[in-house]
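Examination of the molecular architecture
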Amino acid sequence: MPHRAPGSPGPTKPEHYLTGKAITYYRPQGSADVRQLIDGGFQAFNAGRLSEACQIFSERMLAPENDTTIGLTVAGALTPAGLGGCVIELMERGLIDFIISTGANLYHDLHYALNFTLHRGSPFLDDVELYEQGIIRIYDVLFPATVLLETDSYIRDFLVRSQLSGPIPTSELHYRLGLDLLQRYPGSEEYSVVARAAKTGVPIYTSSPGDSSIGMNVAYHELMNGSTLMIDPNRDVNEICAIILAGKKNGCVILGGGSPKNFYLQGQPTLWEVYGIPKGGNDFFIQITTDQVVWGGLSGATPAEAVSWGKVNPGVLPDTVVAYCDSTIAFPLFCEYAVGSKNGRRPRKELVRKRDQLVADLLKQAKEARENAPRIDAEPAEIDRHR
Ligand SMILES: NC(=O)c1ccc[n+]([C@@H]2O[C@H](COP(=O)([O-])OP(=O)(O)OC[C@H]3O[C@@H](n4cnc5c(N)ncnc54)[C@H](O)[C@@H]3O)[C@@H](O)[C@H]2O)c1
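Residues numbered from 1 in each chain as written. Predicted model: local features only at pLDDT ≥ 70, side-chain atom pairs only at ≥ 80, totals over all residues. Heavy atoms only, no water.

**Observations concerning the overall build of the protein chain**
Within the protein chain one finds 15 helices and eleven strands. On C-alpha atoms alone, the protein chain measures out to a radius of gyration of 22 Å, which is about the 21 Å that the 2.2 N^0.38 rule sets for 387 residues. Projected onto its principal axes, the C-alpha positions of the protein chain cover 75 × 55 × 40 Å. When burial is assessed residue by residue, the protein chain has 53% of its 387 residues classed as buried. Long-range contacts, defined as pairs at least 24 residues apart, comprise 80% of the intrachain contacts of the protein chain with a sequence gap of at least 6. With the model as given, the accessible surface of the protein chain reaches about 17,700 Å², and the carbon-plus-sulfur share is 54%. Computing the positive centroid from 36 side-chain charges and the negative centroid from 44, the protein chain places the two 5 Å apart. (Helix = DSSP H or I, 4+ residues; strand = E, 2+ residues; numbered from the N terminus. Rg over C-alpha atoms; globule rule 2.2 N^0.38 Å. Buried < 20%, exposed > 50% of the residue type's maximum accessible area, 1.4 Å probe, protein only. Contact = heavy atoms within 4.5 Å. Areas by Shrake-Rupley, 256 points an atom, 1.4 Å probe, with all protein chains shown as cover. Lys, Arg positive; Asp, Glu negative; His and termini not counted. Charge placed at Lys NZ, Arg CZ, Asp CG, Glu CD.)

Following this line, the structure appears as structure tokens:
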């Protein structure tokens, strides 16, 4: 087969692969029927766990008296599958305060912002033929490879226009990207998580900045344009840690697993183990995943295992749950339930504008902790992990 890049014209027209309906961002509306199904019909096994997750989120995490700082972590190809609308609705209503996502989900979100169309298709296609036709497949989601090329081109233009330079956290990169979308594509906040996050002040982090087409284009910008822009993961670690430290209570909704899950959960060990500030672990933990505990990896690790690391408060296991479900099914149901609950709207924390202050507070408390720390040669028993 002659070598060529996907996206260049093949021998026949690719249109017949792209006749499926456009994938759109479904926005949950708080359906009473869905709430009835989850409360009354989802009773046992993983339906029962999902029902529990809905109740913990809506009744406990969102309860005004708890004022929980909530992190959403996103792994798996969820924006290509149209789940960005759920995230947009949660941000708009103040139901999540920050996001940690794979770069892929943010990159593919940009297609929607730029008004490209991803199509419903089939997972049972001839991939060699798709390659020849310049069609990209993500399981059963299909789109022309030109969407990748044009999205990449937008990212590179943005990097040049933004004049971003030096080390910056991913929260700043995504915030600036979102502001650029809002300015250049008015209304894109209805179709893009990145744009809506900038509008609602929700910081978005990525745990593996080099591992996506956004990171690939940042690398291009350095090599080809001599840019000094680089991602500073230290700043990400400290910002997330500072956000968690400032929370009255802390809780997470983990979709899939992967590195975003740990990037969130390591916030508590960063506090007690590294900075000597024992915050006490997460108060709430919800995971929707297909990952299994038996392989020993972090993606499948349970909230109980996280207790031993000081990631989850040992006293709160009833407020933790893992629902073993496909997030593309469970998450929209979860969001319908939350949106329709009595706590379905909260004041937004708008943390993106508070990051510097929060990191300054972390620094202050960390210095105080260091001054009061037990001597390094102290017996381990003298070091109290959980106040
Ligand atoms: N073009 C791009 O930019 C691009 C495309 C794809 C992946 N990537 C990168 O590759 C890395 C891996 O990405 P990834 O999305 O495969 O994540 P991942 O492999 O880190 O984690 C996904 C985890 O979530 C679980 N999961 C996946 N789909 C699920 C579902 N529908 N329901 C429940 N659980 C589910 C899986 O079991 C898996 O362990 C990331 O760093 C990403 O940015 C980049």
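Moving on from the coordinates now.
**Quick look at the site of the ligand**
Close to the ligand lie 20 residues; Asp211, Ser213, Asp291, Asp326 and Ser327 are nearest. Take Ser327: an N or O atom from its main chain is 2.8 Å from a nitrogen atom of the ligand. Within the complex, the protein chains bury 67% of what would otherwise be the 840 Å² of accessible surface of the ligand. For the shell around the ligand, the element with the highest residue contribution is helix H4 (residues 103-113), accounting for four residues. Classifying every residue of the shell around the ligand by side-chain character gives four nonpolar, 13 polar and three charged. (Near = heavy atom within 4 Å. Polar contact = N/O pair within 3.5 Å; in protein donor to acceptor, adjacent residues only side chain to side chain. Nonpolar A, V, L, I, M, F, W, Y, C, P; charged D, E, K, R; others polar.)

**Considerations on the sheet that holds strand E9 (residues 249-255)**
Taken in spatial order, the six strands of this open sheet run E7-E2-E1-E9-E10-E11, and their pairing is parallel. The open sheet has two edge strands with one neighbour each: strand E7 (204-206) and strand E11 (320-324). Each strand of the sheet is rotated relative to its neighbour by a mean of 15 degrees, with strand direction disregarded. Relative to E11, strand E10 (residues 284-289) runs parallel, the two being bridged by five bridges. Bridge assignment links Ile286 to a residue of E11, and that residue is Val321. Across the face of the sheet, helix H11 (residues 258-265) comes into contact with strand E1 (68-74), strand E2 (98-101), E7, E9 and E10 while running at roughly 175 degrees to E9. (Pairing = 2+ DSSP bridges. Axes fitted to C-alpha atoms, helices over the stretch in contact; angles between N-to-C directions.)

**Comments concerning helix H12 (residues 267-274)**
Given 3.6 residues per helical turn, the α-helix brings residues three or four places apart onto the same face. Buried within H12 we find Gly267, Gln268, Pro269, Thr270 and Leu271. Residues of H12 that are buried in the fold lie against helix H10 (233-246), E9, H11 and helix H15 (355-371). In the segment just after H12, Gly276 is the residue with positive phi, at about 70 degrees.

**Let's talk about the pairing of strand E4 (residues 135-138)**
Residues in a regular strand point their side chains to alternate faces of the sheet. One ladder, built from four bridges, connects E4 with strand E5 (residues 141-144); its direction is antiparallel. Opposite Arg137, over in E5, you have Leu142 as the bridge partner. Where E4 folds back onto E5 in an antiparallel hairpin, the turn is made up of two residues, including Tyr139, whose phi is positive at roughly 50 degrees.

**Description of H15**
Taking 1.5 Å of rise per residue, the 17 residues of H15 would be expected to cover 24 Å, and the 24 Å separating its terminal C-alpha atoms lies within 8% of that figure. Residues of H15 that are buried include every one of Arg355, Leu358, Val359, Leu362, Ala366 and Ala369, and no others. Considered in projection along H15, the buried side chains sweep an arc of 95 degrees and stay on one side of the axis. Exposed positions of H15 whose direction lies more than 90 degrees from the buried face are Asp356, Lys364 and Glu371. (Expected span 1.5 Å × (residues − 1). Arc of directions from axis to C-beta.)

**Quick word on a nonpolar patch on the surface**
A surface patch of nonpolar side chains, amounting to about 460 Å² of accessible area, comprises Val293, Val294, Trp295 and Tyr324. Within the fold, Val293 resides in the loop between E10 and helix H13 (303-308). (Patch = residues over 30% accessible without salt bridge, like charges linked within 9 Å, V, L, I, M, F, W, Y side chains within 5 Å. Salt bridge = Lys/Arg side-chain N within 4 Å of Asp/Glu carboxyl O.)

**Quick notes on the sheet that holds strand E3 (residues 119-120)**
Across the sheet, which stays open at both edges, the three strands sit in the order E3-E5-E4 with antiparallel pairing between neighbours. For this open sheet the edge positions go to E3 and E4, each flanked by a neighbour on one side alone. By the bridge criterion, two bridges tie E3 to E5 in an arrangement that is antiparallel. Bridged to His119 within E5 is Leu142. Against the sheet, helix H6 (residues 145-162) makes contact with E4 and E5, and its axis sits at roughly 65 degrees relative to E5, the strand it touches most.

**A short note on the side chain of Ser192**
Relative to the assigned elements, Ser192 resides in the loop between helix H7 (170-184) and helix H8 (193-200). Among the polar contacts made by the side chain of Ser192, one reaches the main-chain amide nitrogen of Val194 at a distance of 3.3 Å.

**Points about the packing of helix H3 (residues 84-92) against helix H14 (residues 327-339)**
Contact pair H3 / H14: the axes reach a minimum separation of 10 Å and the direction vectors enclose 25 degrees. One element, H3, and the other, H14, form an angle in the roughly parallel class. Helix-helix and strand crossings are classified by hand; for H3 and H14 the assignment is left-handed. Residues Cys86, Val87, Glu89 and Leu90 of H3 lie in contact with H14, whose contacting residues are Phe331, Pro332, Cys335 and Val339. (Parallel < 35°, antiparallel > 145°, perpendicular 65-115°, else oblique. Left-handed = near helix turned anticlockwise from the far one by under 90°.)

**With respect to the side chain of Lys349**
By the secondary structure assignment, Lys349 is in the loop between H14 and H15. The class of Lys349 is buried, set by a relative accessible area of 16%. Looking at Lys349, its side chain comes within polar contact range of the main-chain oxygen of Thr68, at 3.4 Å. With near-sequence residues (within four places) excluded, Lys349 lies in contact with Asp67, Thr68, Thr69, Asp97 and Lys354.

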